[in-house]
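Letter by letter, the chains look like this.
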Amino acid sequence: MRLIVSEIPDEGLHQELERTITLNDENVDDALVSLDILRFKKKVLIEGSIKTSINLKCSRCLKEYGFPLNLNFREEYNPAEEISNDKDRELTKKEMDLGFYINDEIDINEIVTEQVLLSVPMNPLCGPECKGLCPGCGKDLNEGPCKCRKEETDPRLAPLNKLREAMKNRKE
Ligand SMILES: [Zn+2]
Ligand SMILES: [Zn+2]
């Protein structure tokens, strides 16, 4: 959905949208998006909330799980032309933090996707207690202990355990 900046009325706009967002390969459930859009001359202020759920892969056990997202954001958008006209001037830190729009248009989908992306955890975990996979045999330790480690072993020793396992097998 494209928003034409010059058509935003003085009293602002309120929008409720239902979107399906796709982030790379991760598919996202339908997102409920609520937006309040205000314009001050050419400056646009968007306040919004996004409710959705993303399928993430746990960084420890590699299982897929649904990550519920309920986020609020507030962003300011300025016409990119105005700043790029002034090439000699270095952008200040504050300006770089602001959003831009080009040709009187703001792409709402892009904004929503960006906000969702910003909220995706770097190292997703299916749960804070996830035990992960055994570095020796690859078994999902959330389902129970594996044969190759009776006591908690340091993952750094895993290659050693693997070697030990291999030696044992050779003897048998
Ligand atoms: Zn996990
Ligand atoms: Zn194991």
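Details of the structure are given in the entry above.
Residues numbered from 1 in each chain as written. Chains lettered and ligands numbered in written order. Predicted model: local features only at pLDDT ≥ 70, side-chain atom pairs only at ≥ 80, totals over all residues. Heavy atoms only, no water.

**Some words on the overall build of the chain**
- Secondary structure assignment for the chain yields four helices and seven strands.
- Going residue by residue from the N terminus, the α and β elements of the chain occur as β-β-β-β-β-α-α-β-β-α-α.
- Taking all 172 residues of the chain together, the buried fraction comes to 32%.
- Sequence-distant contacts, at least 24 apart, represent 49% of the contacts inside the chain between residues at least 6 apart.
- Counting every atom, the chain has about 12,000 Å² of accessible surface; 50% of that belongs to carbon and sulfur. (Helix = DSSP H or I, 4+ residues; strand = E, 2+ residues; numbered from the N terminus. Buried < 20%, exposed > 50% of the residue type's maximum accessible area, 1.4 Å probe, protein only. Contact = heavy atoms within 4.5 Å. Areas by Shrake-Rupley, 256 points an atom, 1.4 Å probe, with all protein chains shown as cover.)

**Observations regarding the coordination of the zinc ion (ligand 2)**
- Donor atoms from the polypeptide that bind the zinc ion (ligand 2) are Cys 134 (SG), Cys 137 (SG), Cys 146 (SG) and Cys 148 (SG), placed at 2.3 Å.
- Taken together, the four donor atoms surrounding the zinc ion (ligand 2) define angles of 98 to 122 degrees at the centre, an arrangement classified as tetrahedral.
- Sequence positions of the donors to the zinc ion (ligand 2) reduce to the motif C-x2-C-x8-C-x1-C.
- A relative accessible area of 8% means that Cys 146 is categorised as buried. (Donors = N, O, S within 2.8 Å, 3.2 Å for Na, K, Ca; no water. Tetrahedral: all angles 85-135°; square planar, octahedral: opposite > 155°, others 65-115°.)

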